[in-house]
Amino acid sequence: MTRRIIILGGGVAGTMVANRLAKSMEDEIYSGALEVTLIGDTDRHIYQPGFLFMAFNEGFLEQFTREEKYLLHPKINFVADGAVNIDVEGKKIITPKQSFAYDFLVIATGSYPDMDSVPGLAAGGHTFYTPEGAERLRYEMLNFQGGTIMVTIDVPHKCPVAPLEFIFMADDYYRDIGIRDKVRLKYTYPIGRVHSLEPVAKWAVKEFEKRGIEYEVFFNLEAVDPEKKIAYNMDGSEHPYDLLVAVPPHRGARVVRDAGLGDEDGFIPTDRYTLKMEGRDDVYVIGDATNLPVSKAGSTAHYEADVVVKNLISELKGLPPSHRYNGKAFCFIETGMNEATYITFNYKQPPRPVPPSEMLHWFKLSYNEMYWLSARGIL
Amino acid sequence: MSEINITKTIDARGSYCPGPLMELVKAIKRGQVGDVYELLSGDSGSAKDVPEWVNKMGHELVYCKEDEGFWRIAVRKTK
Ligand SMILES: Cc1cc2nc3c(=O)[nH]c(=O)nc-3n(C[C@H](O)[C@H](O)[C@H](O)COP(=O)(O)OP(=O)(O)OC[C@H]3O[C@@H](n4cnc5c(N)ncnc54)[C@H](O)[C@@H]3O)c2cc1C
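Since this is a predicted model, take the numbers as computed values, not measurements.

1. So, the overall build of chain B
No. 1: When helices and strands are counted, chain B shows two helices and four strands.
No. 2: Going from N to C terminus, chain B has its helices and strands arranged as β-α-β-α-β-β.
No. 3: For 79 residues, the compact-globule estimate of 2.2 N^0.38 gives 12 Å, and chain B sits close to it at 11 Å.
No. 4: Each principal axis of the C-alpha atoms in chain B carries an extent, and together these give about 30 × 25 × 20 Å.
No. 5: Expressed as a percentage of the 79 residues in chain B, the buried residues total 47%.
No. 6: Put simply, chain B shows about 3800 Å² of open surface, and 44% of that area lies on carbon and sulfur atoms.
No. 7: Each charge sign in chain B was given a centre, from 12 positive and 12 negative side chains, and these centres are 8 Å apart.

2. A few points about the sheet that holds strand 16 (residues 238-240) of chain A
Residue and element names in this part refer to chain A.
No. 1: Here we have three strands laid out as an open sheet, ordered 14-15-16, and antiparallel in their pairing. Each edge of the open sheet carries a strand with a single partner, namely strand 14 (221-225) and strand 16. Averaged over all adjacent pairs, the angle separating strand axes in this sheet is 25 degrees, with direction ignored.
No. 2: The pairing of strand 15 (residues 230-233) with strand 16 spans three bridges and is classified as antiparallel.

3. Quick notes on the packing of aromatic side chains
No. 1: Per the counting criterion, the structure on display carries 21 aromatic pairs over all chains.
No. 2: Consider the rings of A:F345 and B:Y16, whose centres lie 6.4 Å apart with planes at 80 degrees: the pair is edge-to-face. In this pair, A:F345 sits in strand 21 (residues 340-345) while B:Y16 sits in the loop between strand 1 (8-11) and helix 1 (20-30), so the two residues belong to two different chains.
No. 3: According to the relative accessible area criterion, A:F345 is buried, its value standing at 6%.
No. 4: Among the residues examined, B:Y16 registers a relative accessible area of 22% and is labelled partly exposed.

4. Looking at the nonpolar core
No. 1: Formed by 111 residues in total, the largest nonpolar core has its most connected members in A:F128, A:Y187 and B:W53.
No. 2: The element best represented in this core is helix 7 (residues 162-176) of chain A, accounting for nine residues.
No. 3: Of the domains in this structure, domain 1 (3-110 + 253-328 + 372-376) and domain 2 (114-250) of chain A are the two that each give at least three residues to this core.
No. 4: Dropping the residues within four chain positions of it, A:F128 is found in contact with A:F51, A:L52, A:A55, A:G133, A:A134, A:L137, A:A162, A:P163, A:F166 and A:V245.
No. 5: Counting 21 residues, the second largest nonpolar core, distinct from the first, contains A:I6, A:I39, A:F100 and A:V283.

5. Remarks on the interface of chain B and chain A
No. 1: With 23 residues of chain B at the interface, the matching set in chain A holds 32 residues.
No. 2: Where chain B abuts chain A, roughly 2500 Å² becomes buried across the two surfaces, and 59% of that area is made up of carbon and sulfur atoms.
No. 3: On the chain B side of the contact with chain A, B:Y16, B:C17 and B:M22 bury the most area, a combined 29% of that side's loss.
No. 4: Connecting chain B to chain A are five salt bridges.
No. 5: Where A:R272 meets B:D11, a salt bridge forms, and the shortest distance between an N and an O atom there is 3.7 Å.

6. Some thoughts on the site of the ligand
All names here are of chain A.
No. 1: Among the 30 residues in the neighbourhood of the ligand, the closest are listed as A13, D41, A83, D288 and G298.
No. 2: In this structure, A83 approaches the ligand through a main-chain N or O atom, which is 2.9 Å from a nitrogen atom.
No. 3: G298 is positioned such that a nitrogen or oxygen atom in its backbone is 2.9 Å from an oxygen atom of the ligand.
No. 4: Computed on the free molecule, the ligand has an accessible area of 990 Å², of which 89% lies beneath the protein chains in the complex.
No. 5: Secondary-structure elements contributing two or more residues to the shell around the ligand are helix 1 (12-24) and helix 10 (298-316).
No. 6: In terms of residue class, the shell around the ligand is built from 14 nonpolar, 12 polar and four charged.
No. 7: Looking at the shell around the ligand, you find at least three residues from each of domain 1 (3-110 + 253-328 + 372-376) and domain 2 (114-250).

7. Points about the domain arrangement of chain A
All names here are of chain A.
No. 1: Under the domain assignment used here, chain A contains domain 1 (3-110 + 253-328 + 372-376) and domain 2 (114-250).
No. 2: Centre-to-centre separation of domain 1 and domain 2, based on C-alpha positions: 31 Å.
No. 3: Each partner contributes to the interface: domain 1 provides 16 residues, whereas domain 2 provides 22 residues.
No. 4: Carbon and sulfur atoms make up 73% of the surface buried where domain 1 meets domain 2, a total of about 1600 Å² over both sides.
No. 5: Connecting domain 1 to domain 2 are zero salt bridges.
No. 6: Summed over the shared surface of domain 1 and domain 2, the number is three residue pairs in polar contact (both at pLDDT 80 or more).
No. 7: Considering every element that reaches the side of domain 1 that touches domain 2, the biggest residue donor is helix 3 (residues 50-55), with five residues.

8. What about the UniProt feature "domain: FAD/NAD(P)-binding" (unreviewed entry) in chain A?
No. 1: The sites that UniProt annotates as "domain: FAD/NAD(P)-binding" (unreviewed entry) are residues 4-142 of chain A.
No. 2: As annotated, residues 4-142 of chain A comprises 32% helix and 26% strand, and the C-alpha atoms at either end are separated by 50 Å.

9. Things to note about a nonpolar patch on the surface
All names here are of chain A.
No. 1: A contiguous nonpolar patch, built from L373, I378 and L379 and spanning about 270 Å² of accessible area, is present on the exposed surface.
No. 2: Structurally, the position occupied by L373 is in helix 11 (residues 358-375).
No. 3: Relative accessible area serves as the criterion here: at 33%, L373 is assigned to the partly exposed category.

10. A closer look at the sheet that holds strand 7 (residues 92-94) of chain A
All names here are of chain A.
No. 1: Across the sheet, three strands lie side by side as 6-7-8; this open sheet has antiparallel pairing. Each edge of the sheet is formed by a strand with only one pairing partner; in this case those strands are strand 6 (85-87) and strand 8 (99-101). Going from strand to strand, the sheet's axes swing by 15 degrees on average, the running direction of each strand aside.
No. 2: Here three bridges tie strand 7 to strand 8, and the two strands are oriented antiparallel to one another. What sits directly across from K92, in strand 8, is A101.

The rules behind the values
Residues numbered from 1 in each chain as written. Chains lettered and ligands numbered in written order. Predicted model: local features only at pLDDT ≥ 70, side-chain atom pairs only at ≥ 80, totals over all residues. Heavy atoms only, no water. Helix = DSSP H or I, 4+ residues; strand = E, 2+ residues; numbered from the N terminus. Rg over C-alpha atoms; globule rule 2.2 N^0.38 Å. Buried < 20%, exposed > 50% of the residue type's maximum accessible area, 1.4 Å probe, protein only. Areas by Shrake-Rupley, 256 points an atom, 1.4 Å probe, with all protein chains shown as cover. Lys, Arg positive; Asp, Glu negative; His and termini not counted. Charge placed at Lys NZ, Arg CZ, Asp CG, Glu CD. Pairing = 2+ DSSP bridges. Axes fitted to C-alpha atoms, helices over the stretch in contact; angles between N-to-C directions. Phe/Tyr/Trp six-rings, centres within 6.5 Å; stacked < 30°, edge-to-face > 60°. Core = buried A, V, L, I, M, F, W, Y, C linked by side-chain atoms within 4.5 Å. Domains from an automatic or database assignment. Contact = heavy atoms within 4.5 Å. Buried area = accessible area lost by both parts, 1.4 Å probe. Salt bridge = Lys/Arg side-chain N within 4 Å of Asp/Glu carboxyl O. Near = heavy atom within 4 Å. Polar contact = N/O pair within 3.5 Å; in protein donor to acceptor, adjacent residues only side chain to side chain. Nonpolar A, V, L, I, M, F, W, Y, C, P; charged D, E, K, R; others polar. UniProt positions renumbered as here; feature names shortened; annotations may be inferred. Patch = residues over 30% accessible without salt bridge, like charges linked within 9 Å, V, L, I, M, F, W, Y side chains within 5 Å.

In structure tokens:
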């Protein structure tokens with residue numbers, strides 16, 4: 001009898017799992033013993049870190065987009081209809097056209113920035129966390145003649161270093177075009193330091209001071225007045241801006257919420273070591289879709305994919321799923337237009353940053369291309 | 001001592017990024033006035049960071065105590 005695996009979501013995590021699984025179990029797929037189906041909601045695959053570059057006119061969406069079917073192993077069934085329900089009792093995924101039964105399910109539906117979660121933000125703010133947002137913001141950044149650019153950050157959000165990269169790149173950009181003296185850059189952060197990771201915060205503050213970037217800690221955006229251009233902090237203070245760049249709270253995919261599987265924000269309760277959905281032995285959750293207290297990042301998805309694929313293979317071969325996710329994450333940090341550094345950590349090991357260098361910057365830039373090998377399951 | 005009704009316990013042990021306090025901020029922003037969130041943190045820094053944040057933002061620290069190898073910190077959303 002054919003065993004059926006469904007991977008829901010064709011982003012970083014879903015594509016990697018599907019490809020690695022198909023590669024490792026090619027014989028079973030060819031013999032008809034195994035069927036791997038990936039259900040996405042679009043036929044395009046977008047490399048999201050590209051949005052940051054788009055905001056500074058360092059690239060266009062097409063450059064960061066591929067057709068999903070060309071990234072996938074040829075024996076993976078690819079369906080781009082989008083799921084409207086996840087029926088974990090009946091073990092099936094329902095799209096507007098069809099119903100797909102599974103033996104094992106991998107949920108990889110990601111997260112999205114919710115600009116509607118703060119009153120006034122959608123009308124008064126910009127974001128570079130979506131393709132449309134990055135395009136709108138690019139226009140504002142390139143036409144900005146002077147005034148205050150303010151960055152606000154909310155939790156949860158993906159890629160915890162992107163907001164820092166944004167402010168450093170903005171500093172470089174306005175220096176390059178010669179109007180930095182007219183641009184006031186103001187970075188804010190919800191807690192008592194400028195980044196949740198202490199070493200990153202220490203390093204960033206030094207950079208802020210060197211570059212004349214203002215920063216405000218304990219800033220939790222509660223509302224925005226789009227007319228008056230004021231951002232309100234939870235402590236009641238008012239912060240005027242000319243251009244507001246927000247990283248709003250993220251939510252899990254709508255289908256997760258509609259299916260009643262997520263918490264109040266749509267993130268799925270997941271075992272931090274086995275990556276199984278709580279209470280479900282046949283459902284794995286991976287990437288941004290989990291409720292785990294780990295960074296929502298492509299690299300996290302990558303390390304989790306290793307564990308999920310190995311465990312799926314074990315289970316298909318009748319072995320116990322013995323592999324454990326140890327919380328590993330890795331992030332490059334662009335420290336300007338020409339330099340970068342990186343951090344890595346896991347559940348037990350706190351991160352230590354390395355000195356920024358031009359080489360790491362080039363490595364990050366080349367990763368923008370290497371990503372496609374990674375998604376294909378080659379790297 | 002009157003009984004404390006915990007709305008939700010957030011297990012942020014092993015979290016460096018976003019980190020325990022950020023997990024708490026998320027819950028508080030999302031929650032209702034009067035809710036009490038209990039944070040479990042393996043990072044001793046939380047015992048200082050969390051009360052400081054609660055104080056600045058005007059919420060209420062219910063307790064902050066050490067358990068076996070981790071911290072239990074409860075916060076009431078007051079506004
Ligand atoms: C500006 C920016 C910069 C970033 N920089 C970095 C970086 O430098 N390093 C890093 O590691 N990470 C970075 N990230 C984060 C990274 O892109 C995400 O964490 C990663 O994409 C998460 O992978 P995922 O597979 O969980 O979710 P996604 O890649 O978002 O994929 C989710 C997929 O699920 C699909 N889906 C949703 N609902 C349905 C449905 N109902 N039916 C079918 N399919 C559905 C979506 O269409 C999507 O394709 C960045 C993100 C942004 C926005």
